[in-house]
Amino acid sequence: MAALGSTIATSRIIATAPLGPSSRRFANAAALLDSAESPRDLLVRLKRLEHDFGRRAGRRWGERVIDLDIILWSGGVVADRILQIPHKAYRTRRFVLDPLAEIAPAWRDPVTALSMQHLAWRVRAVDRRPRRP
């Protein structure tokens, strides 16, 4: 498979607890790419890459070898039945925001206009709040 584009930056890999019923930890990272592909064409290639690595369609949040998502795009918002950019849940997921803030701290969310650094700070602040018994 041809390259998806030029890699501008990659974050470090962080291990995190799973969302949902999985029993194993996940390795998470972010990459900033320069690609001539449209978001939809890039998604098709990412799904093909997942398949090549052994991912098969299954239940939501099920066990998987790899999970590749398009979180943001320099062109702003894409919203249709196949693709949602920005990714609909990324603003609440520290395992997404920490790597994004590492490689693109000043990048602004096209919906809220908040920077990745600010969104990561906000979700970390929620994580630090005391839990009720």
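Scoring rules and cut-offs
- Residues numbered from 1 in each chain as written.
- Predicted model: local features only at pLDDT ≥ 70, side-chain atom pairs only at ≥ 80, totals over all residues.
- Heavy atoms only, no water.
- Buried < 20%, exposed > 50% of the residue type's maximum accessible area, 1.4 Å probe, protein only.
- Helix = DSSP H or I, 4+ residues; strand = E, 2+ residues; numbered from the N terminus.
- Core = buried A, V, L, I, M, F, W, Y, C linked by side-chain atoms within 4.5 Å.
- Contact = heavy atoms within 4.5 Å.
- Salt bridge = Lys/Arg side-chain N within 4 Å of Asp/Glu carboxyl O.

Engineer: Now, about helix H2 (residues 94-103): what can you tell me, with residues and values included?
Structural biologist: H2 sits mainly inside the fold: seven of its 10 residues count as buried. Taken together, the buried positions of H2 are Val96, Leu97, Asp98, Pro99, Leu100, Ala101 and Ile103.

Engineer: Explain the nonpolar core residue by residue, including any values.
Structural biologist: Among the nonpolar cores identified, the biggest contains 14 residues, and Ile71, Leu72, Tyr90, Leu97, Leu100 and Met116 are the most heavily contacted of them. Taken together, the elements giving at least two residues each to this core come down to H2 and helix H3 (116-128). Not counting residues up to four positions away in its chain, the partners in contact with Leu97 are Tyr90, Arg91, Thr92, Met116, Leu119, Ala120 and Val123. Ranked by size, the runner-up nonpolar core spans eight residues in total, among them Leu43, Leu46, Leu83 and Ile85.

Engineer: With reference to specific residues and values, describe the pattern of salt bridges.
Structural biologist: Pairs may arise between side chains of opposite charge once their charged atoms sit close together. Under the counting rule described, the total for this entry stands at nine salt bridges. Asp67 is the partner of Arg55 in a salt bridge, and the nearest nitrogen-oxygen pair spans 3.1 Å. Taken as a pair, Arg55 in the loop between helix H1 (39-52) and strand S5 (78-79) and Asp67 in the loop between H1 and S5 lie far apart in primary sequence, 12 residues in all. As a salt-bridge pair, Asp98 and Arg94 come within 2.8 Å of each other at their nearest N and O atoms. Taken together, the positions of Asp98 and Arg94, both in helix H2 and four residues apart, correspond to about one turn of that helix. Residue Arg94 is classed as partly exposed on the basis of its relative accessible area, which comes to 34%. Several salt bridges share partner residues, and in doing so they unite Lys47, Glu50, Arg55 and Asp67 into one network.

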